[in-house]
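Observations on the three-dimensional arrangement
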Amino acid sequence: QVQLAESGGGSVLAGGSLSLSCAPSGRTFRLNNMAWFRQAPGKEREFVAGSSWSGSTHYGDFVKGRFTISRDNTRNRVLLQMNSLKPEDTAVYYCATAPGRTTISIYFNDYSDWGQGTQVTVSS
């Protein structure tokens, strides 16, 4: 099992930007298929963005060009750059990995290992 650790959450005004980072903790594992999900209070966990081991990416429909997922292979981490943030982006953001998959899944049940989450709060 891979232990993941997110960082970079915080509070920002609407229209601002935040950058989230996800890296394995403890033993070092080469990150394979990775994704970011988010969960707001009272809502289901929602797919935000995914990055496959081959470098392809996929985004949730609501992203609309505002977020970018990328990999820093030298540091074995995955980043999520979030721009033009809106109050409705407020949620706990989780990174997850699906080592056995070769394609990106938007379903949280397909991911086996999760981080603890990092809070993102966007105020108007």
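For the structure itself, look to the data block above.
Just so it is clear, the structure is predicted and the values come from calculations on it, not from any experiment. Residues take numbers from 1 onward in each chain, read along the sequence in its written order. Reporting in this predicted model follows two pLDDT cut-offs: at least 70 for local features of residues, and 80 or more for side-chain atom pairs to be given and counted; totals over whole chains, interfaces and linings ignore these cut-offs and use all residues. The side-chain figures draw on all heavy atoms in the structure; neither hydrogens nor water molecules are used.

Residue K64 is not a glycine yet carries a positive backbone phi of 50°. Helical segments are the DSSP runs of H or I of at least four residues, strand segments are the runs of E of at least two, and each set is numbered from the N terminus. Examined against the element boundaries, K64 turns out to sit in the loop between β6 (57–59) and β7 (67–72). Buried means the residue's accessible area, taken with a 1.4 Å probe over protein chains only, is under 20% of the maximum for its type, while exposed means over 50%, and partly exposed covers the values in between. Under the relative-accessibility criterion, K64 is labelled exposed at 69%. Despite not being glycine, S84 shows a phi value in the positive range, around 50°.

Bringing the packing of aromatic side chains into the picture now. A pair of aromatic rings is counted whenever rings of Phe, Tyr or Trp (Trp by its six-membered ring) have centres within 6.5 Å, and the orientation is called stacked for planes under 30 degrees apart, edge-to-face for over 60 and tilted otherwise. For the structure on display, the rule yields six aromatic pairs. Ring plane angle 80° and centroid distance 5.6 Å describe the contact between F37 and F47, whose orientation is recorded as edge-to-face. Taken as a pair, F37 in strand β4 (residues 34–39) and F47 in strand β5 (residues 46–51) lie far apart in primary sequence, ten residues in all. Accessibility classification places F37 together with F47 in one group, the buried group. Taken together through their ring pairs, the aromatic side chains of F37, F47, Y94, Y111 and W114 make up a single cluster. A cation sits over an aromatic face here: R45 above W114, 4.8 Å from the ring centre. Only Lys NZ and Arg CZ are tested; either one counts as a charge over a ring when it is within 6 Å of the ring centre and within 35 degrees of the ring normal.

Every regular strand shows the same layout, with side chains that alternate between the two sheet faces. Where burial is concerned, the two faces of strand β11 (residues 118–123) differ: the one with T118, V120 and V122 is buried and the one with Q119, T121 and S123 is not. Two strands are said to pair when DSSP picks up at least two bridges between them. Bridge count between strand β2 (residues 10–13) and β11: four bridges; the pairing is parallel. Opposite G10, over in β11, you have V120 as the bridge partner. Bridge analysis of strand β9 (residues 91–97) against β11 gives three bridges, and the strand direction is antiparallel. Across the sheet, V92 pairs through a bridge with Q119, a residue of β11.

Turning our eyes to something else, we now look at the pairing of strand β1 (residues 4–7). The two faces of β1 differ: L4 and E6 on one face are buried, but A5 and S7 on the other face are not. Summarising the sheet, β1 and strand β3 (residues 18–24) pair through four bridges and their orientation is antiparallel. In the strand pairing of β3, A5 is matched with A23.

Now for the sheet that holds β3. Across the sheet, four strands lie side by side as β1-β3-β8-β7; this open sheet has antiparallel pairing. Two strands in the sheet have a free side with no partner beyond their single neighbour: β1 and β7. Ignoring which end each strand starts from, the neighbouring axes of this sheet average 20° apart. As a rule, the C-alpha atoms of each element are fitted with a line to give its axis, helices using only the stretch in contact, and angles between N-to-C directions run from 0 to 180 degrees.

This brings us to the nonpolar core. Among the nonpolar cores identified, the biggest contains 24 residues, and W36, V48, F67, L80, M82 and Y93 are the most heavily contacted of them. At the level of secondary structure, the elements contributing two or more residues to this core comprise β3, β4, β5, β7, β8 (77–82), β9 and β11. To qualify as a nonpolar core, a set must consist of buried Ala, Val, Leu, Ile, Met, Phe, Trp, Tyr and Cys residues joined through side-chain atoms within 4.5 Å. Among the nonpolar cores identified, the runner-up in size contains six residues, and A35, F47, A96 and A98 belong to it.

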